[in-house]
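Spelled out from the first residue to the last, the chains are:
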Amino acid sequence: MTRWKESLAPLRHRAFRYQFAGFSVSVTGNMLSLVALTVGLLEVTGSGAAAGLALGASTIPLVVFLLIGGVWADRLPRHLVMAGMDLVRGVVQLGLGAMILTGEVNLGLLIGLQVVFGTAQAFHLPAAGGLTAFTVPKEDLQRANALMSITRSLSGIAGPLIAGGLAATIGAGWALLLDGGTFLLSAFLASRIRVPAAPPRADGGLVKELSDGFRLVTRTPWIWTSVACFACTHVAIAVFLVTGPVLALQEQGARSAGRSSSRRSASATCSATWCCSPATGPDGPCWSPGWPSCCSCPR
């Protein structure tokens, strides 16, 4: 019991409580959105290509703008960056949900919204990653990071299962609207965080900082290999996330099943595929391998 209380010690700090609550809601919503969007697009369009384009349209800007997002996370209040990006992602999900519910999917608008979502995520991740050092004292930092890591891992299982259940019952469009609501709640919680102002930085210019960051990435093997694994993993997951439900829908169609049955099959397949995908990340494992870069596979 004492050890359990020690693990929850970071929650004594008000700023971290807001951060932890917002992070839990946001990361679960992020996992929920992938399954709900895939099932919704397959249900409305019947096209695996549309679902694949949507997933790719969010992944590419995420990788491209991640370094820029890290630079701006160091320049601006991190909690406000998180709140702003969660607000953007919430509005995008509400728009996607409305699109699915109306049954009219405009491919150009879909890709545009997904590009905005991926870009917002690229700015949100670096800001969230460095905020914990400002919300808890140094002696609680390791426990705080552990709580965040466990939450991320659990959300990788719970999010897709919740999304699959919602898509199979009330429909993917409503699931996306609910997902949009989780991002708006996360934005509100992030805006409530109060942390000391960061010390002034020696401003070398945005271009110089980007150049220094890019040079560091390319010259550090474990960083650029992790980035490469991150990109390859997302591409591989996207393939399975689309082909699995497509095959399930084709199988149900061959058996002349009803629309609700097909939707349940696609939802179940999509949820199972995502839950069984690699779930450990740089902050995911609860153990310390001797070769962490060989054991990590960032989601």
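Data block above holds the structure.
The structure contained in this document is the topic of the report that follows. Everything numeric in this text was worked out from a predicted model, so none of it was measured. (Residues numbered from 1 in each chain as written. Predicted model: local features only at pLDDT ≥ 70, side-chain atom pairs only at ≥ 80, totals over all residues. Heavy atoms only, no water.)

## Quick word on the overall build of the protein
Working step 1: Each helix and strand counted, the protein has 11 helices and 0 strands in total.
Working step 2: In the protein, the succession of α and β elements from N to C terminus is α-α-α-α-α-α-α-α-α-α-α.
Working step 3: The 299 residues of the protein split such that 43% are buried.
Working step 4: Considering only contacts within the protein whose residues lie at least 6 apart along the sequence, 83% involve residues at least 24 apart.
Working step 5: Of the roughly 14900 Å² that the protein leaves accessible, carbon and sulfur atoms contribute 69%. (Helix = DSSP H or I, 4+ residues; strand = E, 2+ residues; numbered from the N terminus. Buried < 20%, exposed > 50% of the residue type's maximum accessible area, 1.4 Å probe, protein only. Contact = heavy atoms within 4.5 Å. Areas by Shrake-Rupley, 256 points an atom, 1.4 Å probe, with all protein chains shown as cover.)

## Section: the pattern of salt bridges
Working step 1: Counted by the stated rule, this structure contains 4 salt bridges.
Working step 2: In this structure, Asp74 engages Arg78 in a salt bridge whose closest nitrogen and oxygen atoms are separated by 2.6 Å.
Working step 3: Assessed through its relative accessible area of 34%, Asp74 is described here as partly exposed.
Working step 4: Note on Arg78: relative accessible area 15%, which makes it buried.
Working step 5: Across the pair Asp86 and Arg89 runs a salt bridge whose closest N-O atoms are separated by 2.6 Å. Placement of the pair is Asp86 and Arg89 together in helix H4 (residues 78-102), with a separation of 3 residues, close to one helical turn. (Salt bridge = Lys/Arg side-chain N within 4 Å of Asp/Glu carboxyl O.)

## Thoughts on the nonpolar core
Most often, soluble globular proteins have nonpolar side chains that are buried together.
Working step 1: If you look at the biggest cluster of nonpolar residues, it comprises 23 residues, and the most contacted ones within it are Leu37, Leu41, Leu96, Leu110 and Leu176.
Working step 2: For this core, the elements supplying multiple residues, two or more each, are helix H2 (14-45), helix H3 (48-75), H4, helix H5 (107-135), helix H6 (141-169) and helix H7 (172-191).
Working step 3: A per-element tally of this core places H2 first, with 7 residues.
Working step 4: Counting residues in each nonpolar core, the second largest holds 12 residues, with Tyr18, Ala127, Leu131 and Ala190 among its members. (Core = buried A, V, L, I, M, F, W, Y, C linked by side-chain atoms within 4.5 Å.)

## Observations concerning the environment of Phe230
Working step 1: You can see Phe230 is positioned in helix H9 (residues 221-254).
Working step 2: The exposure class assigned to Phe230 is buried, which follows from its relative accessible area of 13%.
Working step 3: Spatially, the C-alpha atoms of Phe230 and Val63 are 8.8 Å apart, while their sequence positions differ by 167 residues.

## Focus: H6
Working step 1: In a regular helix each residue adds 1.5 Å, so 29 residues correspond to 42 Å; H6 covers 41 Å between its end C-alpha atoms and thus fits that length.
Working step 2: Maximum bend of H6: about 35°, positioned at Ser155.
Working step 3: Looking one or two places after H6, you find Gly171, whose phi comes out positive at around 110°. (Expected span 1.5 Å × (residues − 1). Bend = angle between axes of the 7 residues up to and from the residue.)

Structural measurements only, silent on function.
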